[in-house]
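# Structural characterization, general
Take a look at the letters that make up each chain.
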Amino acid sequence: MDQSVTLNNGVTMPILGFGVFQIPEDDTQAAVEAALEAGYRHLDTAASYGNEEAVGAAIAASGLPRDDLFVTTKLWIQHAPTGSVEDDTLRAFDTSLRRLGLDHLDLYLIHQPLGDYYSEWRAMQRLYAEGRARAIGVSNFHLDRLVDLIEHNEITPAVNQIETHPFHQRVADQEVMAERGVQIESWGPFAEGRNNLFADPVLTAIGEAHGKSVAQVVLRWLVQREVVVIPKSVRPDRMAHNLDIFDFALTDDELKRIATLDTGDSLFFDHRDPAMVSALGGRRID
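Note that the structure is predicted; figures quoted are calculated from it, not measured.

### Thoughts on a negative patch on the surface
- A cluster of like negative charges, contributed by Glu25, Asp26, Asp27 and Glu53, occupies part of the molecular surface.
- The element contributing the most residues to the negative patch is helix H1 (residues 25–38), with three residues.
- Along the chain, glutamate 53 falls in helix H2 (residues 52–62).
- In this structure glutamate 53 comes out as partly exposed when scored by relative accessible area, which is 48%.

Have a look at this one:
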């Protein structure tokens, strides 16, 4: 199986990466160094995670050629701009780039569809045109906002990073994104263990049939659907474990059994509560 996807502008993106959400800054450099040693070449961070500098330090320490790496970070909401939202977006990009110690990004995402994200997108289109970001995209955009952004702007987002796991499978979202040329990317692939995922009888039985863990079954299920995924771990043994998913394939019957787990609802956001959405009350900011 191909271990990468091709984005709508021809850029190649590894289908399996390493995420650093919720890794404390003091632990991030060691975790990323271990991930790179294990073989990861796709790294995902964000300004709001507070660990971009540590990610950059790990990249520098690795000695790996820049062209071997695919690095993503994300723009946090530009509230109360010092000048304009567009100018603040450009400054935020420069700040992230400086923290990472890089001269360009492979992918830059709008982290949330909140605030004046139209102005943010105009600035990001400029960064893309200048070649400072090889691809630009969004995160946590529901289909209505994603399609609206596509319809009213020059550049279609290359990626939409959204909550995607066995209990919230996003099949309809993926179909529309595919029609529009947007690559789906999963955050929270293990649902942070909610709904007792790691002991789920369906996933456990499938894992036993292949001599694999539930985590490996979930990751294989995602990449077999051509969903980019960025699992996180601070343990080198689990990092290697999560990479070891390309030597087996799920059957059509197994895929159908996993499909029965879909609840159709987020496990992290109550999208029926406008106050929570606007205030990000849960502060879940993958």
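Anyway, onward from the coordinates.
### Looking at unusual backbone geometry
- Phi at glutamine 22 takes a positive value of approximately 70°, unusual for a residue other than glycine.
- Within the secondary structure layout, glutamine 22 lies in the loop between strand S3 (18–19) and H1.
- Since its relative accessible area comes to 49%, glutamine 22 is described here as partly exposed.

### So, the side chain of arginine 225
- Relative to the assigned elements, arginine 225 resides in the loop between helix H8 (214–224) and strand S10 (228–229).
- One buried charge, arginine 225, has no salt-bridge partner; the nearest side chain with opposite charge is aspartate 262, at 7.3 Å.
- Setting aside its immediate chain neighbours within four residues, arginine 225 contacts Thr164, Gln169, Arg170, Val171 and Gln174.

### Re the environment of aspartate 265
- Assignment of secondary structure puts aspartate 265 in the loop between helix H10 (252–259) and helix H11 (274–279).
- For the pair aspartate 265 and leucine 107, spaced 158 residues apart in sequence, the C-alpha to C-alpha distance is 28 Å.

Cut-offs used in this document
- Residues numbered from 1 in each chain as written.
- Predicted model: local features only at pLDDT ≥ 70, side-chain atom pairs only at ≥ 80, totals over all residues.
- Heavy atoms only, no water.
- Patch = residues over 30% accessible without salt bridge, like charges linked within 9 Å, V, L, I, M, F, W, Y side chains within 5 Å.
- Areas by Shrake-Rupley, 256 points an atom, 1.4 Å probe, with all protein chains shown as cover.
- Salt bridge = Lys/Arg side-chain N within 4 Å of Asp/Glu carboxyl O.
- Lys, Arg positive; Asp, Glu negative; His and termini not counted.
- Charge placed at Lys NZ, Arg CZ, Asp CG, Glu CD.
- Helix = DSSP H or I, 4+ residues; strand = E, 2+ residues; numbered from the N terminus.
- Buried < 20%, exposed > 50% of the residue type's maximum accessible area, 1.4 Å probe, protein only.
- Contact = heavy atoms within 4.5 Å.

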